[in-house]
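Descriptive structure summary
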Amino acid sequence: MDIRAHRSLIILFLVSLTLLFVRVGIPETRQVLSILFFYIALSEVFNLFTGLTLYVCFGYVAFVALGMYGGGATIKYLLSTSSPPPLALVLACAFAVAGILALILALAVGWISVRLKGAYFAIATIGLNEGLKNLIEGTGIWGGSSGLVIANDLIQAYNYDTFIFVTSELADYLIFTVYAVTILCIYLVIKSRLGYGLAALREDEEAANVMGVNVVRYKLIVFVISATLAGMLGAGKMIKDVAIYPPQAFAVSYTVEAIVISMLGGLGTVTGPVIGGLIYGILKYVLTVSFPGLQLLALAPALMAMCVMFPYGIVGWLRRRFKGSKIESLLI
Amino acid sequence: MVTAEYVIFVTIAGVMLGTFYGLATIGLSFTFGILRILNSGHGSFVMIGAYVSYWCFALLGLSPLVSSLLAFVVGFFIGFALYHGLISRVLGGPELISLVLMFAFGIFLQEVAKFSWSASPRGFTWGLGSVNIFGYEYPLTRLIGGVVSAVIVLVLYVFLFRTKSGNAIRSVVEDPEGAALCGVDVSRVYALSLAIALGLTVASGALSTLFVSGGIEPYMGDPYTTRAFAIAVLGGLTSPFGSFLAGLLFGIIENISYMLLSLANVGNPFSMTRFLTFAMILLVLLIRPQGLLKR
Amino acid sequence: MSKELLRLENVSKSFGGIRALNNVNLIIKEGEKLAIIGPNGAGKTTLFNAISGVFDLDSGRIFYLGRDITKLPPFKRKYLGISRAFQIPRPFAGMTVLDNVVVGALFSRDIKDIKEARNRAEEILSLVGLHNKRDELAVNLTSPEKKLLELARALAPRPRLLLLDEIVAGIPPAEVDKIMSLVVKISEQENISVVALVEHVMRVLRYVERAIFLHEGRVMMDDTPDKVLNSEVVKDIYLGKVYE
């Protein structure tokens, strides 16, 4: 394998790992970096679909929430027996279930929606959050409006120290792993035939169709992959938060933040959400300290301004500015 | 007790509700049909209307009927400002940009509302008593709400088909280039259309207080967004009057859904109906993306 | 004895009451070069659209290499080897010239991976004379260059059947000769059947062996270019509309 050809991805990996080590090594950064990892991971997952197809899926939160519920319910179920299985197995099952549930939902919704034009697709996905939330609250499954809490189950099955380790350390590593898998997926897609097809689709979907690109199938493939990863991310978040309540789980702020970070960094790029996430994370931290509770109030106009003036994002802009040079090939 | 009278009552209530829903959705179809932009923040405008109605009542003692006029004006001006400030700059571009832009604006409205008036739900009752329909009590305010909604739609119809501006708008829908060649100021038509669309949506929000007396809070718009999408998809996203008819149908279906779900005792009927609304959207999109009512 | 490549059987298509294609029967063999001529509204573009698979037929069937492709979607037909160069070029504006052609090459049954597609793209670009512009963004090309790019994109996937949609409309005669010679050379090299849609530029007929005259959705004549151009039927309908 030609290492040099993939050096941009490797550099990104190294930078990401460095951040991870910072988090491990410097305890003061743990809180901030922990949240940052999640947002960067969410944005990369969002970016995998929306960045590569330019179709807006407003329903990401539903997939993450589904992963949270699925993972949490699995953990609860597995730990409810008198002799609980080893921790690694329980967590693995949680991730698997979360991924599978998200995959099934994505196939069902995606199969219908990816045939549709942009606006109709947006309609189908905007309703996804509301739909899932109302299903859970309406039927009362998985705790309904009261939510799902697995803290006690974990403490009782394993000891308290393990519980602390899992929720404050291991969870972050798991989220980081989802992030790593996601950027690998984006990279592989971009460099493949699928990537070419998607690039053509972004430029001109009709022309791409005529040129031989199976646009429906390609859109569906990235949609399902990114939704599955979103579900797994949800499992990771559940392990971290050990609780989920419908109002917070389906909060629109996640969607907004993922969009902001992706657009700020650069849609369709791998490095974009990382840079966007870092900048946004710092800004959010500063804002939360000075003006608590007002993030969305500041974010929404910022997002509107970006739409009008800065749609390519930082990495996008850099790539255009330095087209053909080393910088462009580094900022994948 | 499910008698024939009860079903008829529920249907009539559904029609009243439906005309209101139709009014609340026309703005969405108007915007999409003319500017080809989907208002992904639709519900927030309804929310603004509800607050206008609340404050008019609380501070000035005005009834929702009067405040709906003021609400229309508010929406009208927001429409103009939004068009010239932001929308005109993204009109020809990728769909993603306009979708995110409207979505962000909707969020912005929600946050401004939360900041200005807090997240605590508000409400008021314009107590007018009730009417007796087939032996069941029906609030007079809802009857008025339904009738007024229908009247507003009628006014819209007259405007679109009998006035010069209305004809200009319709010509742009048919053929923007042709219209421009005939001397129509397309940009002005777009601005006017957005203004009217948002005006209608905000006005419908004011009228919503005739149907529901409480629960006015910054995030009340989300169910309206889903509902409007469902209705618009049903009636044809580009056809305002198709949406109105679909709204009527939807009002009836929604009411009957509440009735059936309450009887069947399958969980919370309100949440379940909202879930079924979403499921219905997918179903319609699967079968006929152009909408069931459109030819 | 050449193999049969494309066969249209009783193909009909109407648009809102107007019969665009009226019981068209047509056989195209491997390696043939032909032109479809006819006045405005004759159904030429509709015929191309039918072959491309842009819409469903009202009646009739289309066979490609013996296989019924009537229900196949456009991208599948392209994949099997039916390639089309459009009248108004629609390149992927934000992509480079090379990438545009790579997309054309990549989605074809004969080309296996990106590397092969890249090589093929470079090869084709050299053949049409655009190789020096390969890293330019497609949007920056001149009009004639865009036509060449369109041709390159259509040739890249190693098609068996090439549909040229008014490829030389609005171009000076010298340029017409240049492009048509190029088309003939490449199609002979790679055994491609070429169908050129022509409305005004009769010069194209010098480069084909067969001409089909379409009028009001019907095939009125199907013969050598000389016979067709000199027939009474064609002269009647085309009087005053032909220029060299």
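As the structure is a prediction and not an experimental result, all values here were calculated from the model.

Across its full length, chain B carries 11 helices and 2 strands. Per-residue burial for chain B yields a buried fraction of 51% across its 295 residues. Taking all contacts inside chain B whose residues are at least 6 apart in sequence as the whole, residues at least 24 apart take part in 79%.

Time to look at the domain arrangement of chain C. Residues and elements named next belong to chain C. For chain C, the assigned domains are domain 1 (4-81 + 159-238) and domain 2 (91-153). Taken together, the elements giving at least two residues each to the side of domain 1 that touches domain 2 come down to α2 (74-80) and α6 (173-190). Here the side of domain 1 that touches domain 2 is built from residues that sort into 6 nonpolar, 1 polar and 2 charged.

Attention now moves to the interface of chain A and chain B. Counting residues at the interface gives 35 residues for chain A and 40 residues for chain B. Secondary-structure elements contributing two or more residues to the side of chain A that touches chain B are α4 (87-113), α5 (118-139), α12 (252-265) and α14 (295-309) of chain A. Per-element tally for the side of chain A that touches chain B: the top contributor is α5(A), with 15 residues. Tallied by class, residues from the side of chain A that touches chain B come to 25 nonpolar, 8 polar and 2 charged.

Turning our eyes to something else, we now look at the interface of chain C and chain A. Taken together, the contact between chain C and chain A spans 17 residues of the former and 13 residues of the latter. Taken together, the elements giving at least two residues each to the side of chain C that touches chain A come down to α2 and α3 (97-106) of chain C. Each residue belonging to the side of chain C that touches chain A can be placed in one class, and the counts come to 12 nonpolar, 3 polar and 2 charged.

All names here are of chain A. Viewed as axis vectors pointing N to C, helix α2 (residues 30-53) and helix α7 (residues 160-190) meet at an angle of 25 degrees, and their least axial separation amounts to 9 Å. It follows from the interaxial angle that α2 and α7 lie roughly parallel. Note that α2 runs across α7; the crossing there is left-handed. Residues Ser-34, Phe-37, Phe-38, Ile-40, Ala-41, Glu-44, Val-45, Asn-47, Leu-48 and Leu-52 of α2 pack against Asp-172, Ile-175, Phe-176, Val-178, Tyr-179, Thr-182, Ile-183, Cys-185, Ile-186 and Val-189 of α7. When its residues are assigned to classes, the contact of α2 with α7 shows 15 nonpolar, 3 polar and 2 charged.

Let's shift gears to the arrangement of the chains. Among 2 pairs of chains with at least one contact, chains A and B form the most extensive contact set. At no point do chain B and chain C touch; the closest pair of C-alpha atoms across them sits 13 Å apart.

Residues and elements named next belong to chain C. Bridge count between strand β1 (residues 4-15) and strand β2 (residues 18-29): 8 bridges; the pairing is antiparallel. The residue of β2 that forms the bridge with Lys-13 is Leu-21. Two successive antiparallel strands, β1 and β2, enclose a turn made up of 2 residues, where Gly-16 displays a positive phi of approximately 50 degrees.

Thresholds, definitions, all that
- Residues numbered from 1 in each chain as written.
- Chains lettered and ligands numbered in written order.
- Predicted model: local features only at pLDDT ≥ 70, side-chain atom pairs only at ≥ 80, totals over all residues.
- Helix = DSSP H or I, 4+ residues; strand = E, 2+ residues; numbered from the N terminus.
- Buried ≥ 20, exposed ≤ 12 C-beta atoms within 10 Å, placed from the backbone.
- Contact = placed C-beta atoms within 7 Å.
- Domains from an automatic or database assignment.
- Nonpolar A, V, L, I, M, F, W, Y, C, P; charged D, E, K, R; others polar.
- Axes fitted to C-alpha atoms, helices over the stretch in contact; angles between N-to-C directions.
- Parallel < 35°, antiparallel > 145°, perpendicular 65-115°, else oblique.
- Left-handed = near helix turned anticlockwise from the far one by under 90°.
- Pairing = 2+ DSSP bridges.

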